[in-house]
Amino acid sequence: MNLNTGDDNMFDFYRVAACVPSVSVGDTVYNTDKILEKLHEAYDYEASIIAFPELAVTGYSCQDLFFHDSLMDGVKEALGRIIDATVDRDEIVIVGTPFKFENKLFSTAFVILNARILGVSVKTYIPNHHEFYEKRWFSSAKDLIMNTISFAELGIPSDYVEVNYELPVGNNIIYDINGKIKFAIEICEDLWAPIAPSNILALGGAELIVNLSASNETIAKREYRKGLIKQQSASLICEYLYTSAGSDESTQDLIFSGHSLLAENGAVINENRDFIANDYILIADMDLGRIRHDRMVSSTFSDSVNNFKESISKIITNIISDIDLPTSDGQYVIVQKTPFIPGTKVKRIKRCNEIFDMQVGGLAKRLSFVNSKPVVGVSGGMDSTLALLVAARALEKLDRDPSDLIAITMPAFGTSDRTYNNSLELIKALGTEPIIIDIKDSCIQHLKDLGHDIENKDITYENTQARERTQVLMDYANKIGGLVVGTGDLSELALGWCTYNGDQMSMYGVNGSIPKTLVRWMIDSVVENDIFPEASEVLKDILDTPISPELLPPDENGNISQKTEDKVGPYELHDFFIYYTLRFGYSPTKIFFLAKKAFKDVYSEEEIKKWMTMFFRRFFNQQFKRSCMPDGVKVGSVAMSPRGDLRMPSDASAKLWLSEIENL
């Protein structure tokens, strides 16, 4: 698949390779052979950026051999072979090696492209503690006097380099590849510093930080290291590629693990599985669109750039404009069908527990502040069930009697026996008595007042029931000094699948930032944790009930006839669209590509386009319902409160988005 439009990578995908070759300590010929083997493997993967560990040319463990001329001569020969292996190639190759400048030895990263050295990035922080005594051999980038050098002065033999040229040297280099990607390098210990070189380099524009490392392994260090990398990628809003020396290093006192990973703004995209590893390539696709979006919307990032202008001014930006950098087809982009839901049961239950606690905390505060009882309309569906569970738990938190929970069920034309009975059973299981208010007669009278034929089961027929229920809840709350707890979820709000001044309205909405696909697992976690043991069985049946507004009469067998997803589309697709539209601002074209990848065995391309069209049309023309939505606690990175996360005009046109979908 060609992702390019003209010269642009329309999806901002770039492939990286972390290569950990076998090493023979001190044998630069053997090491170069292995580096070249891995380099050609990485070429086959069509990686844009190929990185090798710290001091890969010699091995990290040479110790006093670093002072020997024979080893340094071998380094230059090795670099010449690597340079020659990149001729007529558009991939960026980054290799770690010792090198001597100004009669001092440095741990460096040579950046090579098409038989040309783009620059030499130099390690800043030289450890001299615990098991590391690098200051015996290496100087810091801060000890450099020069910041450029000519290729001829390097003394590297090459069959292809004919023209002498200047190249930057230091710890402050950003490599700008044709304006498509900006990356920078730090080496091993640099990451552990209180203010790492990558902090300034990222503020200077680097979107990808590459760390060439030789980190030994000890108990718990891998997880600590991974956490450090994840946090750095999050705080810098960047991609962070880390590759480390493998287990072929000397085991005289240390064991090296070959740990490699790519972190993207706080999330690990790929990581080698083996605890002690060697002789492998880690491949991952970066999505720079995420980085660019989050930097654009982060005022803190922009303010940090302004606060560090002096340091940023010292950065050397090497602009390479004569290159067609390979772009990725997205093969290794990881796409989850349900981005709001963690992939493992343990993580899922943990997240659901945390969200439930946030919902409960928000409602408890509001109930305490207004000194009210929670009033919940209970339909027997999942949304009202979750709201009822939150209200019951909030009362427990406030040490109030369960009977303070005012649970009202309001059967009407579409109410099935299953949902009606489930609502009654659930209310009783939570320690209170249901209030049953049949609204059929009220709705019939209202339709008569409107002159509406009751056999005409149109939107007026449906919304009459929704608004009558809201009126009952509001008036009952007035009667007993209560607070109406809203049940509508994030997915319904995004689609506007709610009745204006009906279920769209409440006095406090507890589900407003929880997508439909997650609501199910929220209730499941309540069952798993046995929070309301008396309600477990009825909760299981509620989870098994089809999603429906129940505004049309049941079928001849008394079963639900109106299933929401038949009309509006699969919620798993809509939640997918919601996530990538609101979290990253992706175009329909990019979302379509990701959706095809995620749902390739579930929905056809035509189905995805159909429901995507539905989503964007409704998302735009139903904004007026979100513009006056009630208060409610935000629990995740995607929310639509008009007072916070989504400031959107109610009369914005969807034409550009819908036209783009038509042309897919």
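Worth saying up front: this structure is predicted, and the values here are computed from it rather than measured. Within every chain, residues take consecutive numbers counted from 1 along the sequence as written. In keeping with the predicted nature of the model, local features appear solely for residues at pLDDT of at least 70, side-chain atom pairs appear and are counted solely at 80 or more, and the whole-chain, interface and lining totals rest on all residues. Side-chain numbers here rest on the full set of heavy atoms in the structure, without hydrogens or water.

Trainee: Could you give an account of the pairing of strand 23 (residues 482-486), with specific residues and numbers?
Mentor: Burial here depends on accessible area, computed with a 1.4 Å probe over protein chains only, as a share of the maximum for the residue type. Under 20% is buried, over 50% is exposed, and the range in between is partly exposed. Helix and strand assignments come from DSSP, with helices taken as H or I runs of at least 4 residues and strands as E runs of at least 2, each series counted from the N terminus. Burial of strand 23 is extensive: 5 of the 5 residues sit out of reach of the surface. Residues Gly482, Val484 and Gly486 point to one face of strand 23 and Leu483 and Val485 to the other, with burial holding for every one of them. The pairing of strand 20 (residues 373-377) with strand 23 spans 3 bridges and is classified as parallel. Bridge pairing in strand 23 places Val375 opposite Val484. Two strands make a pair as long as DSSP finds a minimum of two bridges between them. Pairing of strand 23 with strand 24 (residues 508-509), which is carried by 2 bridges, proceeds in the parallel orientation. Across the sheet, the residue bridging to Gly486 is Gly509, located in strand 24.

Trainee: Provide a residue-level description of the nonpolar core, including the pertinent values.
Mentor: Take the buried residues of types Ala, Val, Leu, Ile, Met, Phe, Trp, Tyr and Cys, join any two whose side-chain atoms come within 4.5 Å, and each joined set is a nonpolar core. Membership of the largest hydrophobic core comes to 87 residues, with the highest contact counts inside it found for Leu363, Leu388, Phe576, Phe577, Tyr580 and Leu594. A per-element tally of this core places helix 10 (residues 382-397) first, with 10 residues. Contact criterion: two residues are considered in contact whenever any of their non-hydrogen atoms come within 4.5 Å of each other. Residue contacts for Leu594: discarding those within four places in its chain leaves Phe13, Val333, Val335, Phe576, Tyr580 and Tyr586. Counting residues in each nonpolar core, the second largest holds 56 residues, with Val111, Ile209, Tyr242 and Ile320 among its members.

Trainee: Could you give an account of the packing of aromatic side chains, naming the residues involved and the relevant values?
Mentor: When two rings of Phe, Tyr or Trp (its six-membered ring) have centres within 6.5 Å they constitute a pair, described as stacked for plane angles under 30 degrees, edge-to-face for angles over 60, and tilted for the intermediate range. Counted by the stated rule, this structure contains 28 aromatic pairs. Note on Phe11 and Phe593: the rings are 5.1 Å apart at their centroids and 35° apart in plane angle, and the pair reads as tilted. Residue Phe11 is found in the loop between strand 2 (8-9) and strand 3 (13-20), and its partner Phe593 is found in helix 19 (residues 588-598); the two are separated by 582 residues along the sequence. Exposure remark for Phe11: the relative accessible area of 2% places this residue in the buried category. Between Phe101 and Phe106, the ring centres sit 6.1 Å apart and the planes meet at 45°, which makes this aromatic pair tilted. Residue class for Phe106 comes out buried when judged on its relative accessible area of 0%. An aromatic cluster is built from Phe340, Phe576, Tyr579, Tyr580, Phe584, Tyr586, Phe599 and Tyr603, whose rings are joined through pairwise contacts. Positioned over the ring face of Trp521 is Arg348, at 3.8 Å from the centre of the ring. We call a charge positioned above a ring when the Lys NZ or Arg CZ atom is no farther than 6 Å from the ring centre and deviates by at most 35 degrees from the ring normal.

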